[in-house]
Amino acid sequence: GTLKAIPKNEGSSVLSTTIAVTPPAGGFEVSSAPNSSVVSYSVSGNNCTLKAVSAGSTSITFRSKLDNTKTATYNVTVTGILYEGQAVWKYEGFYIAPVDASGGVPWDSKMTNNYYCSGKKGGTWYIPSSAEYRTILCTSGSNYASSDVYNRYYNKVFSNAYYWTRDADYDPRSYIMYMTMVNACVGVSDRSYKGPVRCVAKY
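Residues numbered from 1 in each chain as written. Predicted model: local features only at pLDDT ≥ 70, side-chain atom pairs only at ≥ 80, totals over all residues. Heavy atoms only, no water.

Caption draft 1: Geometry of the nonpolar core. Core analysis: the largest hydrophobic core is formed by 22 residues, its most contacted members being Ile-96, Leu-137, Tyr-153, Phe-158, Met-177 and Met-179. Ignoring anything within four residues of it in the chain, the contact list for Leu-137 reads Ala-145, Val-149, Tyr-153, Met-177, Met-179, Ala-184, Cys-185 and Val-186. Formed by 19 residues, the second largest nonpolar core is a distinct cluster that contains Val-105, Met-111, Ile-176 and Tyr-178. (Core = buried A, V, L, I, M, F, W, Y, C linked by side-chain atoms within 4.5 Å. Buried < 20%, exposed > 50% of the residue type's maximum accessible area, 1.4 Å probe, protein only. Contact = heavy atoms within 4.5 Å.)

Caption draft 2: Representation of the state of the cysteines. The full count for this structure, using the stated rule, is one disulfide. Covalently, Cys-117 is tied to Cys-199 through a disulfide, its sulfur atoms 2.0 Å apart. As the torsion about the S-S bond is roughly -90°, the Cys-117-Cys-199 disulfide counts as left-handed. Placement of Cys-117 in the loop between helix H1 (109-112) and helix H2 (130-137) and of Cys-199 in the loop between strand S14 (195-197) and strand S15 (200-202) is noted, with a sequence separation of 82 residues between them. Like Cys-117, the residue Cys-199 is buried in the burial classification. The closest cysteine sulfur to the non-disulfide-bonded Cys-185 is located on Cys-138, 14 Å from its own sulfur. (Disulfide = S-S within 2.5 Å. Helix = DSSP H or I, 4+ residues; strand = E, 2+ residues; numbered from the N terminus.)

Caption draft 3: Just the environment of Glu-84, in detail. Its location among the elements puts Glu-84 in the loop between strand S7 (71-79) and strand S8 (89-91). C-alpha of Glu-84 to C-alpha of Lys-121: the two residues are 37 residues apart in sequence and 4.9 Å apart in space. Apart from the residues lying within four places of it in its own chain, the contact partners of Glu-84 are Gly-119, Lys-120 and Lys-121. Looking at Glu-84, its side chain comes within polar contact range of the main-chain nitrogen of Lys-121, at 2.5 Å. (Polar contact = N/O pair within 3.5 Å; in protein donor to acceptor, adjacent residues only side chain to side chain.)

Spelled out as structure tokens, the structure:
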């Protein structure tokens, strides 16, 4: 079947499925595992659960332990953008990861070389620039997000925190996205501040 990743603000995703295997005499085993970059799998008793990792197609094959010519193969396709197997948010031209890639880190060269996001599965994830955060916050011509945009994100997409961008301002400061209890904007902060990193991908 198909596992579908749908943005969290657009509907419900189907990110896992369980195959109930009727065991032959002597039991069964997995003879051909699925591509781990597409789905992960686990077997508990006679049930095999497949979980989406990233878009693609793969299959899993079971066989009888007593007669390896007796097999059953199931195909699975994963569609959509995921972040480490999780549904994402979709706003203003960006997919936004549902969780932080890291928390409590200072700004350093790891921001400019995309250290925290480049290895994340499910999409082409990276640390946003200050300009991209302004686009996400719809702040063109204004320093602060409107109340509607702020309410869209606060305690849903972003928590009350200050998120690093990949941009330096001037030593010793760098740009950061402020999501506070009252508003949201892009400003600067001392690089020693320990803030979270959130990944985005373009659509």
